[in-house]
Amino acid sequence: MSDHVIATRGLRKVYRTRRLGRVVAVDGLDLAVPAGGVHGFLGPNGSGKTTTIRLLLGLAAATSGEMTLFGERVPGGLPRVISRIGAVVEQPKFLPGFTGRTNLSLLARVAGVPRQRVDEVLERVDLSERADDRYKGYSLGMRQRLAIAATLLKQPDLLILDEPGNGLDPQGIRDIRTMIQALGASGVTVLLSSHVLAEVEQVCDSVTIVQRGRLVTSGRVADVIGASAASVLRVSVADLEAARRRLDRNGLTATREGGHLLVEGATDPADVTRLLASAGLYVSELTSIRPDLESVFLSLTSDSEPGT
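Residues numbered from 1 in each chain as written. Predicted model: local features only at pLDDT ≥ 70, side-chain atom pairs only at ≥ 80, totals over all residues. Heavy atoms only, no water.

J.: Give me the nonpolar core: which residues, what numbers.
T.: Counting 46 residues, the largest nonpolar core has L104 and I148 as its most contacted members. Counting residues per element, this core draws most heavily on helix α5 (residues 140–152), which supplies seven residues. Contacts of L104, omitting those with residues within four sequence positions, involve V118, V121, L122, L146, A149, A150 and L153. By size, the runner-up hydrophobic cluster in this structure holds 26 residues, among which are V33, L55, V74 and I85. (Core = buried A, V, L, I, M, F, W, Y, C linked by side-chain atoms within 4.5 Å. Buried < 20%, exposed > 50% of the residue type's maximum accessible area, 1.4 Å probe, protein only. Helix = DSSP H or I, 4+ residues; strand = E, 2+ residues; numbered from the N terminus. Contact = heavy atoms within 4.5 Å.)

J.: Can you explain unusual backbone geometry? Please cite residues and give values.
T.: With an omega dihedral of 10 degrees, the bond running from V74 to P75 counts as a cis peptide bond. Residue D126 is not a glycine yet carries a positive backbone phi of 60 degrees. Residue E163 is not a glycine yet carries a positive backbone phi of 50 degrees. Along the chain, E163 turns up in the loop between β7 (158–162) and α6 (170–185).

J.: So what's going on with the pairing of strand β13 (residues 260–264)? Residues and values would help.
T.: With four of its five residues buried, β13 lies for the most part within the structure. Relative to β13, strand β11 (residues 232–237) runs antiparallel, the two sharing four bridges. Paired with L233 across the strands is V263, a residue of β13. As defined by bridge partners, strand β12 (residues 253–257) adjoins β13 across five bridges and the pair is classed as antiparallel. The partner of T253 across the bridge, within β13, is E264. What sits between the antiparallel neighbours β12 and β13 is a turn of two residues, in which G258 has the positive phi angle 65 degrees. (Pairing = 2+ DSSP bridges.)

J.: Describe the packing of helix α3 (residues 100–111) against helix α4 (residues 116–124), and please don't skip the residues or the numbers.
T.: Packing of α3 against α4 brings their axes to within 9 Å, and their N-to-C directions diverge by 130 degrees. As summarised for this structure, α3 and α4 are arranged oblique, according to the angle between their axes. In this structure, α3 crosses over α4, and the sense of that crossing is right-handed. Each of R101, L104, S105 and A108 in α3 lies in contact with α4, whose residues at this interface are V118, D119, V121 and L122. For the contact of α3 with α4, the residue count by class is five nonpolar, one polar and two charged. (Axes fitted to C-alpha atoms, helices over the stretch in contact; angles between N-to-C directions. Parallel < 35°, antiparallel > 145°, perpendicular 65-115°, else oblique. Left-handed = near helix turned anticlockwise from the far one by under 90°. Nonpolar A, V, L, I, M, F, W, Y, C, P; charged D, E, K, R; others polar.)

J.: Describe a nonpolar patch on the surface, naming the residues involved and giving the relevant values.
T.: Among the surface-exposed residues, L95, F98 and L106 lie close enough to one another that they form a single nonpolar patch of about 230 Å² accessible area. By the secondary structure assignment, L106 is in helix α3. (Patch = residues over 30% accessible without salt bridge, like charges linked within 9 Å, V, L, I, M, F, W, Y side chains within 5 Å. Areas by Shrake-Rupley, 256 points an atom, 1.4 Å probe, with all protein chains shown as cover. Salt bridge = Lys/Arg side-chain N within 4 Å of Asp/Glu carboxyl O.)

J.: An account of the sheet that holds strand β4 (residues 64–69) is needed here, citing residue identities and associated values.
T.: Strand order in the open sheet made by the four strands is β2-β1-β4-β5, with antiparallel pairing throughout. The open sheet is flanked by β2 (21–33) and β5 (72–73), the only strands paired with a single partner. The sheet contact formed by β4 and β5 spans two bridges and is antiparallel. For L69, the partnering residue across the bridge sits in β5 and is E72.

J.: An account of the packing of α3 against α5 is requested, with residue identities and associated values reported.
T.: Two numbers describe a pair of packed helices, the interaxial angle and the distance between the axes. Two elements in contact, α3 and α5, have axes separated by 10 Å at closest approach and are oriented at 25 degrees. Our classification of the angle between α3 and α5 gives roughly parallel. As α3 packs across α5, the resulting crossing turns out to be right-handed. Residue-level contacts link G100, L104 and L107 of α3 to L146, A149 and A150 of α5. Tallied by class, residues from the contact of α3 with α5 come to five nonpolar, one polar and no charged.

Printed below as a string of structure tokens:
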């Protein structure tokens, strides 16, 4: 387990509540996050993502299983590595009447961080020009960036972000995405829990998908998409019904959708063209539909029950 920045084995967390009784939030989870880059942590609501993060940070106690951060067992070894970790898990508490710079300066003093580090992190999260504005006047996106700046004061090797784009407008999401990409490229390991799948696909190098507290799949984003999604061709032809019958008789699955067919099972698009042309059916459009992370995620978690 020590070969990864984050590793869990058989991690399990069971809650007992008055309303629901026994709730299994995390169920035998094996999680492995390599060093460097951005690792997406995905799952439907109630799938155990935030609970897992809380367990890793010592904010909740695991029922069973093993966890390590930088090779140190958690929670026992957490004091030895906590200085290498930054995390934004819940809405951070800043003093609303103070400026962004003053809030960070107070945190830097408590943490024993040099004063010049405040200016460095403000620049890194693109808040230098608004650093002397009061926190209560910040937009939600600016507040998120200030929270990330606070975690960067200690120059962490691991940054854990739980839904950093939650509630942000498109510009705010774009700003957070750019910042996370830059952090991953600089050598920081970023664990990013998010439900904005299009953003995750753009920013993450690798990904873990969980459902009901269990691992569904994990690996590099390109590999997960390639392994989980079948190749589909969109085909347009004058006689759709005749083309559908021709393809079906030859072992391909063709489904009519609007003014074209969706064809599955072809190893080479040229085979579809030749097959239809041999029957006097000439293709006017043939497009390979590239699967994306969202379609893979939905196919893998489609039987998930919504949670809280």
